[in-house]
Protein chains: 2
Amino acid sequence: MTPPTQPAHDPVPLPPGFRAHAGSAGLRERGDDVFVVVNDGPSPASSAVFTRSLFAGPSVVLSRENAAGGTARGVVVVAKNANVATGEQGMADAREVLERAAGAVDVAPGELLIASTGVIGRRYPMDKLRAHLDGLAGATFDADAVALATAMMTTDTHPKTARVEVTTTTGGAAQVVGIAKGVGMIEPDMATMIAVLFTDAAVEPGVLDSAFRAAVDETFNCLSVDTDTSTSDTAIALASGAGDPVGEVELREAFEAVCLDLTRQLARDGEGATKLLTVEVTGARDRAQAKRVAKAILNSPLVKTAVHGADPNWGRVAMAIGKCHDDTDINPERVRIVFGDLETYPAFPGEAELERLTEIMRAEEVTISVDLGVEGGSGVEGGAADGSCTVYGCDLTREYISINADYTT
Amino acid sequence: MTPPTQPAHDPVPLPPGFRAHAGSAGLRERGDDVFVVVNDGPSPASSAVFTRSLFAGPSVVLSRENAAGGTARGVVVVAKNANVATGEQGMADAREVLERAAGAVDVAPGELLIASTGVIGRRYPMDKLRAHLDGLAGATFDADAVALATAMMTTDTHPKTARVEVTTTTGGAAQVVGIAKGVGMIEPDMATMIAVLFTDAAVEPGVLDSAFRAAVDETFNCLSVDTDTSTSDTAIALASGAGDPVGEVELREAFEAVCLDLTRQLARDGEGATKLLTVEVTGARDRAQAKRVAKAILNSPLVKTAVHGADPNWGRVAMAIGKCHDDTDINPERVRIVFGDLETYPAFPGEAELERLTEIMRAEEVTISVDLGVEGGSGVEGGAADGSCTVYGCDLTREYISINADYTT
């Protein structure tokens, strides 16, 4: 597997077996706002994970149904309107979009997935969508990944793509290409707002599914911009089989590399963000505890604003750990807090160290490492536990307020 | 009971039986930063509730011990430094402060409570505190509640006091006077950062305790400025018995009125806040579910920024309810969302209603009411459940970021 590349805005072709069209239905003032991807490969396989929101919209409800078999043939994505909290009419609208898109690209409506992103509580402008989708039949399907990632942006400042090559069982190379969007209302619970991975690898649906879910769990599910979980979170992996088979371990590693790259891009482009904030927790009872503590730190507005202002107020990390008061096996006397390579607790930094801490916090990437030192590890007698988790977020800025105090109007 | 009054900054005398001194130990640039209150009443009773933070500081640890008997005789409060995450030395410092203060006012150290608020992870400036406390013995103890509330402010913009009169069992009147501080790192779990209630009512410690805990649960524990729980939360009630006895119900109602008044003052003065945001949830399975949903709405940065910008983006309330995905008995089709008196879901407002919604959201107080319509109420066959909870917070503004990106430096 090659390391992921982020080719700025150079074209990123989809892997063999896929064709795509991105176009404008007039949902936003300028630029594309709808795309359709079709998997024409010899052995199509799919996997999809969705938001756990109680207010999941019709797009999520329909895609859940159509993804169940693991052989979805494509996806249609609509930007600028999430079609959520729109009642029975919203469900009818979503079905109609799916049917018209499927008809235009000659697959069954039950083989197509749908994802939608944008304002909640407003109906789709159906006249515009009908006109656009009916015109698709005669359109050219040659869009690349950057065009797709661009068409689904909302407050994203740039399209997000990632690509790796992975060795096949025959010694050749298959590709994994991913796209993602979402910079606000981001604390995915099963997936980020919208992400789609494409591979030409030949892979059974069950293998694709387990590799993809494992990758999502370590990456998108460890991302939080603002603690708000979208009603529309959707992550999809599509394999065409136009290439050779890939082993499960190799596939999972490739998916994880692409998803991690996209996760870091989403965090760094969080609404108003100026910095990538990474929190690593080790020495926890288990991974769930490590993630709970890491998220408490990552999501604390006081930690996020301190990171923004490069304010060496490391005590706020202690405060955030303290919030996990049901984790009674965490003993403050065994906790260690480190910014970059500088220990702040229990080292009790003096003035010189606080100045160095300010320098560390001025960087574009700030990493906070916490070892909980929970006792009773399974490995060594009297040893420490080894649960760990790394999570990704960003600072909290005035710009986040500006963006979100005036979004629909 | 009279309704609570907020006499701006006119003096608010403490009830009979209390004497107090507020002074400057030089912990802040100007103004008082330490106060001591002594309960000289004939039948002193006390109740206290504290943060559940794992990183609770020495002040909380010592006060928990001294509050256990229900007969504490006073409290010393230190502002500008929380003395948290300061190790063994921090505990020794707290003991010394308690001993010197107790010695100066002639009570036993085990009869005095201590609360502290300010930066985390820095030692008390003990030289300054020693000099100040040793001088207390000759000082005049005539401070009123406004002077005390002022001495403990950090980023508060004004001192917070409230006062009611309550009828005694003999037909006379007793007083309840309360003070509070805390406008950031505020999502109390057992209490707000620091609040102290004083009453001259004669009351048994057990009755005082149950009345106070009931009041705190409905008020301070329903407050959230920024989801961050302080390491120092402390709420104390002191009764002197200098007045006549008060019935338990009357006492609870008086405590609740004073605590609610202080809670609303704290919410409205939340760091950077321009508005008071109240969220009422009804029709829940039980109070716990109502509170969980209400807090999800109150704490959503996207709801808070929409309220700040008077953006009629009501769909964000649906999103926030949707985050409570473990509450599988909440059916979106039975949910009702109301801003002020305007239903937005499932009414699906048109342009005229959205304009009216903007007007409603421009007010200094915004109330969001949600009825969950959970089925299976215990009252009527097929009826709705009746769990409810009201919570208090504020909008999220650029000023919150400015205050917190640059606090210690």
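Parameters and conventions
All residue numbers here refer to positions counted from 1 along the written sequence of the relevant chain. To label them, take the chains in the order written and letter them from A, then take the ligands in the order written and number them from 1. At least 70 in pLDDT is required for a residue's local features to be given in this predicted model, at least 80 for side-chain atom pairs to be given and counted, and no such filter applies to totals for whole chains, interfaces and linings, which use all residues. Only hydrogens and water are removed before side-chain values are computed, so all heavy atoms of the structure are retained for them. The way it works is that DSSP assigns letters per residue, a run of H or I at least four long becomes a helix, a run of E at least two long becomes a strand, and they are numbered from the N terminus. Throughout, the radius of gyration refers to the C-alpha atoms, and the reference size of a globule is 2.2 Å times the residue count to the power 0.38. For every residue, the accessible area obtained with a 1.4 Å probe (protein chains only) is divided by the maximum for its type, and the residue is called buried under 20%, exposed over 50%, and partly exposed between those limits. Contact definition: two residues touch when any of their heavy atoms are within 4.5 Å. Positive charge is attributed to Lys and Arg, negative charge to Asp and Glu, and no charge count is given to His or to the chain ends. Note that the charge is assigned to NZ on lysines, CZ on arginines, CG on aspartates and CD on glutamates. Pairing between strands is defined by DSSP: at least two bridges between them are needed. Axis geometry follows a simple rule: fit a line to the C-alpha atoms, using only the stretch in contact for helices, then measure angles between N-to-C directions, giving values from 0 to 180 degrees. UniProt positions are given in the numbering used here, feature names are shortened, and annotations may be inferred rather than shown by experiment. Two N or O atoms form a polar contact when they lie within 3.5 Å of each other; inside protein one atom must be a possible hydrogen donor and the other a possible acceptor, and for residues adjacent in sequence the pair counts only when both atoms belong to side chains. In this description, buried area is defined as the sum, over both parts, of the accessible area (probe of 1.4 Å) that is lost when the two are combined. By definition, a salt bridge exists where a carboxyl oxygen of Asp or Glu is found within 4 Å of a side-chain nitrogen of Lys or Arg. To superpose the copies, least squares is applied to the C-alpha atoms of every residue with a pLDDT of at least 70 in both. A pair of Phe, Tyr and Trp rings is counted when the ring centres sit within 6.5 Å of each other, with Trp represented by its six-membered ring. The angle between the planes then sorts it: under 30 degrees is stacked, over 60 is edge-to-face, the rest tilted. Placement of a charge over a ring requires the Lys NZ or Arg CZ to be within 6 Å of the ring centre, with the centre-to-atom vector within 35 degrees of the ring normal. Boundaries between domains were set according to an automatic or database domain assignment. Note on convention: near helix rotated counterclockwise from far helix by under a right angle means a left-handed crossing. Clockwise means right-handed. Classes in brief: Ala, Val, Leu, Ile, Met, Phe, Trp, Tyr, Cys and Pro nonpolar; Asp, Glu, Lys and Arg charged; the others, Gly included, polar.

**A word on the overall build of chain A**
- In terms of helices and strands, chain A carries eleven helices and 14 strands.
- A compact globule built from 409 residues would reach a C-alpha radius of gyration of about 22 Å, and chain A, at 22 Å, matches this within 12%.
- If you line up chain A on its principal axes, its C-alpha atoms span 70 × 55 × 40 Å.
- Counting only residues that meet the buried cut, chain A has 61% of its 409 residues in that class.
- At a minimum sequence separation of 6, the contacts of chain A that also span at least 24 residues come to 80%.
- Computed over 34 positive and 58 negative side-chain charges, the inter-centroid distance for chain A is 5 Å.

**What about the sheet that holds strand 6 (residues 160-167) of chain A?**
Residues and elements named next belong to chain A.
- Read across the sheet, five strands follow the order 3-9-8-7-6 without closing on themselves; strand pairing throughout is mixed. Each of the sheet's edge strands pairs with one partner strand only, and the pair in question is strand 3 (45-50) and strand 6. Direction aside, the axes of adjacent strands within the sheet are offset by 10° on average.
- Summarising the sheet, strand 6 and strand 7 (residues 173-181) pair through eight bridges and their orientation is antiparallel. Residue pairing for strand 7: Arg163 is matched across the bridge by Val177.
- Contacts between helix 5 (residues 205-218) and the sheet are confined to strand 3, strand 8 (194-199) and strand 9 (234-239), with strand 3 contributing the most and set at about 35° to the helix.
- Where helix 6 (residues 248-268) meets the sheet, its contacts fall on strand 6, strand 7, strand 8 and strand 9, and the angle it forms with strand 6 comes to roughly 160°.

**Considerations on the UniProt feature "binding site: substrate" (unreviewed entry) in chain A**
All names here are of chain A.
- With numbering matched to this structure, UniProt assigns "binding site: substrate" (unreviewed entry) to Thr154, Lys181, Thr192, Glu271, Asn404 and Thr409.
- Looking at where Lys181 falls in the secondary structure, it is placed in strand 7.
- Of note is the side chain of Lys181, whose polar atom sits 2.9 Å from the side chain of Thr154.

**Let's talk about the interface of chain A and chain B**
- Across the boundary between the two partners, chain A contributes 58 residues, which contact 59 residues of chain B.
- Taken together, both faces of the contact between chain A and chain B bury some 4,900 Å²; the carbon and sulfur share is 63%.
- The tally of links between chain A and chain B comes to two salt bridges.
- Ionic pairing is found between Asp326 of chain B and Arg52 of chain A, a salt bridge with its closest N-O pair at 3.1 Å.
- Across the contact surface, chain A and chain B share eleven residue pairs in polar contact (both at pLDDT 80 or more).
- When residues in the side of chain A that touches chain B are grouped by element, the largest group, six residues, is from helix 9 (residues 315-322) of chain A.

**Here's the deal with the pairing of strand 12 (residues 342-345) of chain B**
- In the sheet, strand 11 (residues 336-339) of chain B pairs with strand 12 of chain B via three bridges, with the strands oriented antiparallel. Looking at strand 12 of chain B, one finds that Val338 of chain B is bridged to Glu343 of chain B.

**Let's talk about unusual backbone geometry**
- The omega torsion of the bond from Tyr345 of chain A to Pro346 of chain A falls at 5°, within 30 degrees of zero and hence cis.
- Residue position: Pro346 of chain A is located in the loop between strand 12 (342-345) and helix 10 (351-361).
- Not every positive phi belongs to a glycine, and Ala310 of chain B is a case in point at roughly 50°.
- Classification of Ala310 of chain B as buried rests on a relative accessible area of 8%.

**A word on the environment of Lys80 of chain B**
Residue and element names in this part refer to chain B.
- Within the element layout of this structure, Lys80 appears in strand 4 (residues 74-81).
- Between the C-alpha atoms of Lys80 and Thr168, which are 88 residues apart in sequence, the distance is 39 Å.
- Ignoring any residue separated from it by four or fewer positions in sequence, one finds Lys80 in contact with Leu27, Arg28, Thr117, Gly118, Val119 and Thr154.

**Some points on the relation of the copies chain A and chain B**
- Of the transformation superimposing chain A on chain B, the axial component is 0.0 Å and the angular component is 180°, with the fit at an RMSD of 0.0 Å. Such a combination of rotation and displacement between the chain copies is what one expects of a two-fold axis. Nearest to the rotation axis, the C-alpha of Arg398 of chain A is located 2.2 Å from it, this being the minimum over chain A.
- Looking at chain A, 100% of its interface residues are interface residues in chain B too, so the copies touch through the same face.

**Details of the packing of aromatic side chains**
- This model, assessed by the stated rule, comprises ten aromatic pairs over all chains.
- Ring centres of Phe212 of chain A and Phe255 of chain A lie 5.9 Å apart, and the angle between their planes is 85°; on these two criteria the pair is classed as edge-to-face. Of the two residues, Phe212 of chain A sits in helix 5 while Phe255 of chain A sits in helix 6, which places them 43 residues apart along the sequence. The same class applies to Phe212 of chain A and to Phe255 of chain A, which are both buried.
- Taken together, the aromatic side chains of Phe55 of chain A together with Trp314, Tyr345 and Phe348 of chain B make up a single cluster linked through ring pairs.
- Geometry around Phe141 of chain A places Arg19 of chain A over its ring, the cationic atom sitting 5.2 Å from the centre.

**Points about the sheet that holds strand 2 (residues 34-39) of chain A**
Residue and element names in this part refer to chain A.
- With mixed pairing, the four strands of this open sheet are ordered in space as 1-2-4-5. Strand pairing shows two members of the sheet lacking a second neighbour, strand 1 (18-23) and strand 5 (112-119), which therefore form its edges. On average, each strand axis in the sheet is inclined to that of its neighbour by 10°, with strand direction left out of account.
- As judged from the six bridges shared by strand 1 and strand 2, these two strands associate in the antiparallel manner. Within strand 2, the residue paired with Arg19 across the bridge is Val38.
- Against the sheet, helix 3 (residues 126-134) engages strand 1, strand 2 and strand 4 (74-81), with an angle of about 40° to strand 2.

**Here's the deal with the domain arrangement of chain A**
Residue and element names in this part refer to chain A.
- Here the domain parsing of chain A yields domain 1 (18-266) and domain 2 (276-405).
- Distance between the C-alpha centres of domain 1 and domain 2: 33 Å.
- Listed as interface residues are 14 residues of domain 1 and, on the opposing side, 16 residues of domain 2.
- Between domain 1 and domain 2, a total of about 1,200 Å² is buried, with carbon and sulfur atoms accounting for 47% of that surface.

**Some remarks on the packing of helix 5 of chain A against helix 6 of chain A**
Residue and element names in this part refer to chain A.
- Direction vectors running N to C along helix 5 and helix 6 enclose 35°, while the axes themselves pass 8 Å from each other. Handedness of the crossing formed by helix 5 with helix 6: right-handed. Contacts between helix 5 and helix 6 pair Val207, Leu208, Ser210, Ala211, Phe212, Ala214, Ala215 and Glu218 from the former with Glu248, Leu251, Arg252, Phe255, Glu256 and Cys259 from the latter.
- Residue composition of the contact of helix 5 with helix 6, grouped by class: nine nonpolar, one polar and four charged.

**Observations concerning the environment of Leu14 of chain B**
All names here are of chain B.
- One can find Leu14 in the segment before strand 1 (18-23).
- The exposure class assigned to Leu14 is buried, which follows from its relative accessible area of 13%.
- With 132 residues separating them in the primary sequence, Leu14 and Val146 have C-alpha atoms 9.5 Å apart.
- Once residues lying within four places of it in the same chain are set aside, the contact partners of Leu14 are Ala20, Val37, Ala143, Ala145, Leu148 and Phe198.

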